[in-house]
Amino acid sequence: MKNLSLGLDIGTTTISASVVDIYAKKQIQAYTVANQSFIDTDEPFRKEQDAILIFTKIDKLLSEILLTYPEISKIGVTGQMHGIVYVDEKGNAVSPLYTWQDGRAGLIFKNNQSYAETIQSLTGKAIGVGYGVATHYYNVQNGFVPKTANKFCTVMDYVTMRLCGENEPKIHPTNAGSLGLFDVGKNDFDYSAIEKLGLDKSLFPCVVETNYKVGEYNNIPVYVGIGDNQASFFGAVANEENSVLVNYGTGSQVSFVKAQKEEINGFEIRPYRDGLYLYSGAAICGGRAYAIVEKFFSEYLSACGISNGKQYETMNALAQKAYKNDSDLVMETTFCGTRSNPKKTGGVYNLREDNFTPENFVYATLKGMAWELFDMFSGTDKTPYKNLIASGNAVRLNPVFQSILAHIFDMELYMPTISEEAAFGTALWINADVNKEQIKAGIRMLKPVNHRLEIKQNPNGSII
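Notes on the structure in this doc start here. Just so we're clear, the structure is a prediction, and the values are computed from it rather than from any experiment. (Residues numbered from 1 in each chain as written. Predicted model: local features only at pLDDT ≥ 70, side-chain atom pairs only at ≥ 80, totals over all residues. Heavy atoms only, no water.)

1. Focus: the overall build of the protein chain
Item 1. If you tally the helices and strands in the protein chain, you get 14 helices and 26 strands.
Item 2. Taking 464 residues into account, the globule formula puts the C-alpha radius of gyration at 23 Å, and the protein chain, at 22 Å, falls close to it.
Item 3. For the protein chain, the C-alpha atoms occupy an extent of roughly 65 × 60 × 50 Å along the three principal directions.
Item 4. A buried classification covers 57% of the 464 residues belonging to the protein chain.
Item 5. The contacts of the protein chain with a sequence gap of at least 6 include a subset with a gap of at least 24, amounting to 68%.
Item 6. Accessible surface, the protein chain as shown: approximately 19500 Å² in total, 48% of it carbon and sulfur.
Item 7. Where the 43 positive side-chain charges of the protein chain centre and where its 50 negative ones centre are 1 Å apart. (Helix = DSSP H or I, 4+ residues; strand = E, 2+ residues; numbered from the N terminus. Rg over C-alpha atoms; globule rule 2.2 N^0.38 Å. Buried < 20%, exposed > 50% of the residue type's maximum accessible area, 1.4 Å probe, protein only. Contact = heavy atoms within 4.5 Å. Areas by Shrake-Rupley, 256 points an atom, 1.4 Å probe, with all protein chains shown as cover. Lys, Arg positive; Asp, Glu negative; His and termini not counted. Charge placed at Lys NZ, Arg CZ, Asp CG, Glu CD.)

2. A short note on the pairing of strand 3 (residues 26-34)
Item 1. Alignment of strand 2 (residues 14-21) against strand 3, held across eight bridges, turns out to be antiparallel. Bridge assignment links alanine 17 to a residue of strand 3, and that residue is tyrosine 31.
Item 2. Where strand 2 hands over to strand 3, the hairpin turn is made up of four residues, of which lysine 25 adopts a positive phi near 60°. (Pairing = 2+ DSSP bridges.)

3. Observations concerning helix 9 (residues 312-323)
Item 1. Helix length check: helix 9, at twelve residues, gives a terminal C-alpha distance of 16 Å against a target of 16 Å (1.5 Å per residue), a fit within 8%.
Item 2. Taken together, the buried positions of helix 9 are Met315, Asn316, Ala319, Ala322 and Tyr323. Summarising the axial view, the buried residues of helix 9 lie within an arc of 120°, below the 170-degree limit, and thus occupy one face.
Item 3. Where the residues of helix 9 are buried, they touch helix 8 (287-303), helix 10 (358-377) and helix 12 (399-409). (Expected span 1.5 Å × (residues − 1). Arc of directions from axis to C-beta.)

4. Remarks on the pattern of salt bridges
Item 1. In the structure shown here, the tally under the stated rule is 17 salt bridges.
Item 2. Note that arginine 46 and glutamate 48 form a salt bridge whose closest N and O atoms lie 2.8 Å from each other.
Item 3. The exposure class of arginine 46 is partly exposed, given its relative accessible area of 25%.
Item 4. For glutamate 48, a relative accessible area of 3% gives the class buried.
Item 5. Ionic pairing is found between lysine 258 and glutamate 262, a salt bridge with its closest N-O pair at 3.8 Å.
Item 6. Judged by relative accessible area, which is 12%, lysine 258 ranks as buried.
Item 7. By relative accessible area, which is 34% here, glutamate 262 ends up partly exposed. (Salt bridge = Lys/Arg side-chain N within 4 Å of Asp/Glu carboxyl O.)

5. Let's talk about the packing of aromatic side chains
Item 1. Here the structure, examined in full by the defined rule, presents 27 aromatic pairs.
Item 2. Among the aromatic residues, ring-to-ring pairing joins Phe256, Phe267, Tyr279, Trp371, Phe374, Phe377, Tyr385 and Phe409 into one connected group.
Item 3. Above the face of the phenylalanine 234 ring, arginine 273 is positioned so that its terminal group lies 5.3 Å from the ring centre.
Item 4. Between arginine 273 and the ring centre of tryptophan 429, over which it is positioned, the NZ or CZ distance is 4.7 Å. (Phe/Tyr/Trp six-rings, centres within 6.5 Å; stacked < 30°, edge-to-face > 60°. Lys NZ or Arg CZ within 6 Å of the ring centre and 35° of its normal.)

6. As for the state of the cysteines
Item 1. According to the stated counting rule, one finds zero disulfides in the structure shown.
Item 2. We note that cysteine 164 lacks a disulfide partner, and the nearest cysteine sulfur, in cysteine 153, lies 13 Å from it. (Disulfide = S-S within 2.5 Å.)

7. Concerning the packing of helix 9 against helix 10
Item 1. Where helix 9 contacts helix 10, the two axes come as close as 8 Å, and the packing angle between them is 90°. As summarised for this structure, helix 9 and helix 10 are arranged roughly perpendicular, according to the angle between their axes. Each of Met315, Leu318, Ala319, Lys321, Ala322 and Tyr323 in helix 9 lies in contact with helix 10, whose residues at this interface are Pro358, Glu359, Asn360, Val362, Tyr363 and Leu366.
Item 2. Residue composition of the contact of helix 9 with helix 10, grouped by class: nine nonpolar, one polar and two charged. (Axes fitted to C-alpha atoms, helices over the stretch in contact; angles between N-to-C directions. Parallel < 35°, antiparallel > 145°, perpendicular 65-115°, else oblique. Nonpolar A, V, L, I, M, F, W, Y, C, P; charged D, E, K, R; others polar.)

8. Observations regarding helix 1 (residues 51-68)
Item 1. Look at helix 1: 26 Å from first C-alpha to last across 18 residues, which is about the 26 Å you get at 1.5 Å a residue.
Item 2. Every buried residue of helix 1 is listed here: Ala51, Ile54, Phe55, Ile58, Leu61, Leu62, Ile65 and Leu66. Across the axial projection of helix 1, the buried residues extend over an arc of 130°, all falling on one side. Opposite the buried face of helix 1, by more than 90 degrees, sit the exposed residues Lys60 and Leu67.
Item 3. Capping the start of helix 1 is the job of one residue whose side-chain oxygen sits 3.1 Å from the backbone nitrogen of isoleucine 52: aspartate 50. (Polar contact = N/O pair within 3.5 Å; in protein donor to acceptor, adjacent residues only side chain to side chain.)

Structure follows, in structure tokens:
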């Protein structure tokens with residue numbers, strides 16, 4: 001039990017933890033608690049969470065875990081990328097966490113351009129709405145940066161700093177890259193581009209390398225936070241050279257690694273480790289698309305005076321029913337826009353009297369969620385990639401969705417046997433420098449049921 005490490009994952013919806021025995025190569029226990037820290041606002045574009053409440057929940061969870069596993073010798077942290085929180089000179093949060101879903105940078109600034117578009121005009125570099133630098137640029141222009149702000153950082157940097165009683169956040173390249181205006185080659189922010197925006201460089205956090213020790217929590221070393229995209233990939237994928245990961249949380253990503261940098265339309269090049277780069281294509285809705293449909297059914301039942309709780313099990317059963325016939329109803333699940341076009345909406349195609357049923361509606365949503373990621377991946381060289389790894393409860397708990405992904409990507413599909421892949425991957429990450437091959441060899445995959453369905457429709461209604 002002396003080899004136990006703990007990985008924490010600060011997700012948008014949940015906060016998770018994974019206790020891992022590194023040398024026995026197994027997850028000992030996983031924990032999940034509700035995040036529930038969103039702040040009600042009167043402006044729909046604002047997506048903010050209470051950073052102090054998040055830290056309080058994590059501190060409580062850690063205390064409970066350490067009572068059960070006092071032998072834990074290392075703590076690593078990951079979580080939702082892109083968002084920022086401002087902290088003062090003592091490391092206290094002086095603002096909400098502006099999450100990756102925040103839309104303020106998509107509002108019109110001047111010359112009929114949004115704040116994000118203005119950044120691209122001034123620097124030549126594209127930044128997605130919801131990325132930390134774009135959010136910060138909006139806040140600067142509108143006087144929303146707290147006067148006592150000393151730095152801004154991701155929620156992972158804030159939490160690791162607070163856990164260790166430090167005053168100034170440190171940021172890993174995997175997180176720094178998610179904020180925008182980051183030079184992947186130099187592993188640092190592009191300060192020349194930052195100057196063009198008239199931003200104060202001193203507010204940007206200091207970038208440190210992999211496995212930087214931030215400090216200690218109850219005499220246990222705590223390491224710099226890493227991005228959840230990288231953590232999920234590292235935790236779920238054993239063979240990095242020939243595998244593609246699709247992950248469905250609140251958002252979704254399709255990711256793979258390469259040894260060299262090359263521009264691929266729709267993909268960001270993100271820092272990874274061991275000289276590799278992680279290519280990531282992200283959908284804003286992701287698993288949230290399924291949650292939006294669940295909310296629709298739940299609200300209808302409520303209007304009928306029926307209270308049956310969450311409808312996911314019923315929806316999965318409906319999808320199973322529609323799966324047998326492969327309905328041609330098509331759903332484009334860009335309900336929350338895209339990174340490149342925040343104003344984009346979703347759509348329903350091929351709607352007729354005979355296919356306008358609840359089961360086809362649910363099934364089409366799942367296909368749309370899969371097609372959105374595959375449409376990004378289809379623009380890449382697919383030759384090196386043979387295996388599709390799928391993670392996240394939206395996939396794990398839904399065999400029909402597994403079938404859809406396997407056929408649309410036309411690959412063998414594997415599911416990790418462990419849960420909470422990002423938290424698990426973080427526990428591996430902070431130990432991988434000791435013996436990477438031994439650690440990676442211990443990740444087991446479970447091949448799901450056979451997939452026989454031939455899916456013919458893509459989200460825009462055309463025939464493949």
